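In case you want the letters, here they are:
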Amino acid sequence: MKRFPFMFIPMLLISFQVNAAEKSETKELRAAIIIDDFGGGTGGVRDFLEGDIPITAAVMPFTENSRKHADWAHKNGFEVMIHLPMEPKRGKRSWLGPKPITVDLSPKEVKQRVNEAIMTVPHAVGLNNHMGSRAVENKEIVRAIVEVAKEKSLYIIDSGTSPKSKFPEIANELGVPLLKRDVFLDDISSSSYVFRQMIRLAKVTEMKGTGIAIGHVGVTGKVCSLGIFKSKDELDKRNIKIVPVSYLFSYRLTEKLLSPQ
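Predicted, not measured: the structure shown is a model, and the values here were computed from it.

Criteria and cut-off values
Residues numbered from 1 in each chain as written. Predicted model: local features only at pLDDT ≥ 70, side-chain atom pairs only at ≥ 80, totals over all residues. Heavy atoms only, no water. Helix = DSSP H or I, 4+ residues; strand = E, 2+ residues; numbered from the N terminus. Buried < 20%, exposed > 50% of the residue type's maximum accessible area, 1.4 Å probe, protein only. Contact = heavy atoms within 4.5 Å. Areas by Shrake-Rupley, 256 points an atom, 1.4 Å probe, with all protein chains shown as cover. Polar contact = N/O pair within 3.5 Å; in protein donor to acceptor, adjacent residues only side chain to side chain. Lys, Arg positive; Asp, Glu negative; His and termini not counted. Salt bridge = Lys/Arg side-chain N within 4 Å of Asp/Glu carboxyl O. Phe/Tyr/Trp six-rings, centres within 6.5 Å; stacked < 30°, edge-to-face > 60°.

Some points on the overall build of the protein chain
Thinking step 1. In terms of helices and strands, the protein chain carries 11 helices and nine strands.
Thinking step 2. Split into buried and exposed, the 261 residues of the protein chain put 51% on the buried side.
Thinking step 3. Sequence separation of at least 24 residues holds for 76% of the intrachain contacts in the protein chain that already meet a minimum separation of 6.
Thinking step 4. Accessible surface computed for the protein chain: about 12,500 Å², of which carbon and sulfur atoms make up 53%.

Okay, here's the thing in structure tokens:
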């Protein structure tokens, strides 16, 4: 798995030397599937990491299996990101695991925890938030996280747990690549529901050119994997390619560079 797709923009420019009309006819639709809670949950882990769909593995830091799952994913060619636990407005503190990002921390403490999280999840090229509906609305907290992401050349995916998230604003200000989740796959534990959500992802991707879905290992891991794998043929029919998250950034950047000014 290539860690820094931005390096290949010049090569992409050469290979896509077409005019705007030709480009619009041949544009490939791309979607990414982030699977959260690696490092914590066990249900569906093997299904995904030994499967043939290039999911992006979001790994919880500070757990017994953080490094194991990150290494496993990387070895099998899957992109890895950090699933950063952040304080929600509702829910049990225990759901966050060790060393979460909470609003009572100073920016210095937040940076320290993010850097420690990075060290426990090898091969990570990005991060997204685990829960965090309270913390993502706090500018100081978010700024500290985004500053570390910039220092470490990580992209950010806003998991979309709050419409008041400060991630888009601050990432744009600091020039950090950021995209937002479009679809949750398994908020209902049913493989048929996951399949329907994958069709919803396909429709979003057809409208936008790209799309991002989030599912989970753990309690819903088995039904999530089943629903995703069942949808593969339908996505193929729609000419939608599942890619690692980082490929969506290179795709959008290439589109921008190739578009007439």
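Concerning the side chain of arginine 30
Thinking step 1. Position of arginine 30 relative to the elements: it lies in strand S1 (residues 29–38).
Thinking step 2. Side chain to side chain, arginine 30 and glutamate 28 meet in a polar contact 3.3 Å long.

Some remarks on the side chain of aspartate 37
Thinking step 1. Residue placement: aspartate 37 occurs in strand S1.
Thinking step 2. Buried within the structure, aspartate 37 lacks any salt-bridge partner; arginine 181 is the closest side chain of opposite charge, at an N-O distance of 13 Å.

Some points on the environment of isoleucine 242
Thinking step 1. Turning to its location among the elements, isoleucine 242 is positioned in strand S9 (residues 240–242).
Thinking step 2. For the pair formed by isoleucine 242 and leucine 29, sequence separation is 213 residues and the distance between their alpha carbons is 8.7 Å.
Thinking step 3. Setting aside residues no more than four positions away along its own chain, isoleucine 242 makes contact with Ala31, Ile33, Ile53, Pro54 and Leu235.

Section: the packing of aromatic side chains
Given two aromatic rings, one states the distance between the centres and the angle between the planes to describe the pair.
Thinking step 1. Throughout the structure, instances matching the rule amount to two aromatic pairs.
Thinking step 2. Taken together, a centroid distance of 6.2 Å and an interplanar angle of 35 degrees make the contact between phenylalanine 48 and phenylalanine 229 tilted. Of the two residues, phenylalanine 48 sits in helix H3 (residues 45–49) while phenylalanine 229 sits in helix H9 (residues 221–230), which places them 181 residues apart along the sequence.
Thinking step 3. Considering the side-chain rings of tyrosine 155 and phenylalanine 249, the 5.2 Å spacing of their centres and the 40 degrees angle between planes classify their relative orientation as tilted. Residue tyrosine 155 is located in strand S5 (residues 155–158), and its partner phenylalanine 249 is located in helix H11 (residues 245–258); the two are separated by 94 residues in the primary sequence.
Thinking step 4. Accessibility expressed as a relative area gives 9% for phenylalanine 249, which makes it buried.

Read these as layout, nothing more, since geometry by itself doesn't imply function.
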